[in-house]
Amino acid sequence: MEFKQLEVFAAVVDYGSFTEAARHLYLTQPTVSAHISSLETELNTRLIVRTTKKLSVTARGYQLYDYAVRILNLRSNLLDEFIGTQKKIIALSASTIPSTYLLPELLSAFGSRKHDVYFHSHQSDSTEAIRMVEDGTVDVGLVGLKPEESACTFIPFYQDSLVIATPVNEHYLSLQKQPTTIMDFLQDNFIFRENGSGTRKEMDVFLERHQIPAERLNIVARMNDLEAIKKSISAGLGISILSYRSACDMEKTKQILLFPIKESAYKRNFYIVFHDQRLLKPHVKQFIEFVQTYYENRIL
């Protein structure tokens, strides 16, 4: 159960209308309906009865409304206590690499211009981050994956490249002295990201493009945690294909080595994503426009 669902439910009860609740919350009516339906499914009870002429709240609905109001007031009081009453909130989701390596500087730069905006951030893989945008849990997302089918708009704002990350040892130090291709690493132990991450999707696309079946690789581990993968590489467990932005910090401290993938002529995109049908609040629109242009002409 999400705060957004409770907020939507309370608004429907307060305004006696799905349409009015949607208008006041800057959502579409289908999104409001989806939130109510999700709540009813999760709680296994009917909360609102809607006919063509009127809307009525069930007894269990009024019981939930009392709880929802208390919870939302408690949350509001907590936010007021810690960040003040004049803040505007942007709820966002971000996949691992944007959340860890891009979001801190984006929020700092935007916050220096807009002092009255507060961010509520959720980190997950790209698939989950997109789902949260689609179902209205968050206003906007930063992800490394663009699905073929989605109701959302995806705008590229940052480009990165894939690299092969290896331990620092005599074998790989010697490889650095000569031109290398992916073929030089196919016999090594590989660490893979789990499904759902944008990096894993890019890795799969790269291997497929070069007709390298995953079965040909000696996969010794699959991990969700990017930092765990990098530390495992440094410890000698195996190698992996990673985003350069996510791995360059450990290269600078000489904990791992990075090899450009010369066969890959394309750059990997990271996207800011928002829902096509949602009425975005002005400060959310300002943040989207800011992210779109932040990395233009910037030396990275």
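Residues numbered from 1 in each chain as written. Predicted model: local features only at pLDDT ≥ 70, side-chain atom pairs only at ≥ 80, totals over all residues. Heavy atoms only, no water.

Colleague: Help me understand the overall build of the protein in this model?
Modeller: Along its length, the protein carries 11 helices and 12 strands. In terms of its C-alpha atoms, the protein occupies a principal-axis envelope of roughly 75 × 40 × 30 Å. Buried positions account for 47% of the 300 residues belonging to the protein. Summarising the internal contacts of the protein: among those between residues at least 6 apart in sequence, 74% fall at separations of at least 24. (Helix = DSSP H or I, 4+ residues; strand = E, 2+ residues; numbered from the N terminus. Buried < 20%, exposed > 50% of the residue type's maximum accessible area, 1.4 Å probe, protein only. Contact = heavy atoms within 4.5 Å.)

Colleague: Which parts of the structure should I look at to understand the environment of Gln-277?
Modeller: In this fold, Gln-277 is placed in the loop between β12 (268-275) and α11 (282-294). For the pair Gln-277 and Asp-249, spaced 28 residues apart in sequence, the C-alpha to C-alpha distance is 39 Å.

Colleague: Sorry, what's going on with the nonpolar core here?
Modeller: Grouped burial of nonpolar side chains is what soluble globular proteins tend to show. In this structure, Leu-106, Leu-142, Phe-157, Ile-272, Phe-287 and Val-291 are the most contacted members of the largest nonpolar core, which totals 41 residues. Take this core: its biggest share by element is 7 residues, from helix α5 (residues 96-113). What Leu-142 contacts, discounting residues up to four positions off in sequence, is Ser-93, Ala-94, Ser-95, Pro-98, Leu-103, Leu-106, Phe-157, Tyr-271, Ile-272, Val-273 and Val-291. In terms of nonpolar packing, the next biggest core, distinct from the first, is built from 22 residues, Phe-9, Val-12, Leu-27 and Val-57 among them. (Core = buried A, V, L, I, M, F, W, Y, C linked by side-chain atoms within 4.5 Å.)

Colleague: Could you clarify how one ought to interpret the sheet that holds strand β6 (residues 152-160) in this entry?
Modeller: The mixed open sheet is built from 5 strands, whose spatial order is β4-β3-β5-β12-β6. The outermost strands of the open sheet, each flanked by one partner alone, are β4 (117-123) and β6. Recorded for the sheet is a direction-independent mean angle of 25° between the axes of neighbouring strands. As defined by bridge partners, strand β5 (residues 140-143) adjoins β12 across 3 bridges and the pair is classed as antiparallel. (Pairing = 2+ DSSP bridges. Axes fitted to C-alpha atoms, helices over the stretch in contact; angles between N-to-C directions.)

Colleague: Please clarify how the packing of α5 against helix α9 (residues 226-234) should be interpreted in this entry.
Modeller: If you want to describe how two helices pack, look at the angle between their axes and the distance between the axes. Look at α5 against α9: their axes get within 10 Å of each other, and the N-to-C directions meet at 85°. Between α5 and α9, the angle falls in the class roughly perpendicular. Taken together, the residues of α9 that come into contact with α5 (itself represented by Thr-96, Ile-97 and Tyr-101) are Leu-226, Glu-227 and Lys-230. Split into classes, the residues belonging to the contact of α5 with α9 amount to 3 nonpolar, 1 polar and 2 charged. (Parallel < 35°, antiparallel > 145°, perpendicular 65-115°, else oblique. Nonpolar A, V, L, I, M, F, W, Y, C, P; charged D, E, K, R; others polar.)

Colleague: What is the right way to look at the pattern of salt bridges in this model?
Modeller: Once their charged atoms are close, side chains differing in charge can pair, the charge on each being opposite to the other. Inspection of the entire model under this criterion finds 8 salt bridges. Counted as one network, the salt bridges with shared partners bring together Glu-128, Arg-131 and Asp-135. (Salt bridge = Lys/Arg side-chain N within 4 Å of Asp/Glu carboxyl O.)

Colleague: I would appreciate a short explanation of the packing of α5 against helix α10 (residues 244-252) in the present structure.
Modeller: The contact between α5 and α10 brings their axes to 9 Å, and the two run at 80°. Here α5 is positioned roughly perpendicular relative to α10, judged by the angle of their axes. Listed contacts from α10 to Ile-97, Tyr-101, Leu-102 and Glu-105 of α5 are Arg-245, Ser-246 and Asp-249. Taken together, the residues of the contact of α5 with α10 break down into 3 nonpolar, 1 polar and 3 charged.

Colleague: Honestly, the confidence of the model for the protein in this entry has me stumped. Any pointers?
Modeller: Segments scoring low in pLDDT should not have their predicted coordinates read at a detailed level. Confidence in the prediction of the protein, expressed as mean pLDDT, is 86, and 94% of residues score 70 or more. By mean pLDDT, the top-scoring element of the protein is β5 (95), and the lowest-scoring one is helix α8 (residues 198-209) (78). (pLDDT = per-residue confidence, 0-100.)

Colleague: Which parts of the structure should I look at to understand the packing of aromatic side chains?
Modeller: We describe a pair of aromatic rings using the distance from one ring centre to the other and the angle between the two ring planes. Going through the model one piece at a time under the given rule, you end up with 13 aromatic pairs. Aromatic side chains Tyr-158 and Tyr-295 sit 4.8 Å apart centroid to centroid with 65° between the ring planes, which places their arrangement in the edge-to-face category. Residue Tyr-158 is located in strand β6, and its partner Tyr-295 is located in the segment after α11; the two are separated by 137 residues in the primary sequence. Considered together, Tyr-158 and Tyr-295 belong to a single accessibility category, that of buried residues. Pairwise contacts between aromatic rings join Phe-110, Phe-119, Phe-157, Tyr-158, Phe-270, Phe-287, Phe-290, Tyr-294 and Tyr-295 into one cluster. Across the ring face of Phe-18, the terminal group of Arg-50 is positioned such that the distance to the ring centre comes to 3.9 Å. In this arrangement the basic side chain of Arg-75 is found over the ring face of Phe-3, its NZ or CZ atom lying 4.8 Å from the centre. (Phe/Tyr/Trp six-rings, centres within 6.5 Å; stacked < 30°, edge-to-face > 60°. Lys NZ or Arg CZ within 6 Å of the ring centre and 35° of its normal.)

Colleague: Sorry, what's going on with unusual backbone geometry here?
Modeller: Glycine aside, residues mostly have negative phi angles, and peptide bonds mostly take the trans form. Positive phi values are uncommon outside glycine, yet Asn-44 reaches one of about 55°. The residue Asn-44 is located in the loop between α3 (29-43) and β1 (48-50) in this model. By relative accessible area, which is 72% here, Asn-44 ends up exposed. Non-glycine residue Lys-254 carries a positive phi angle of around 60°. For Lys-254, the position within the fold is in the loop between α10 and β11 (257-260).

Colleague: Any chance you could explain the side chain of Thr-96 here in plain terms?
Modeller: Tracing the backbone through its elements, the reader meets Thr-96 in helix α5. Setting aside chain neighbours within four positions, we find Thr-96 in contact with Gln-123, Ser-124, Arg-193 and Leu-226.

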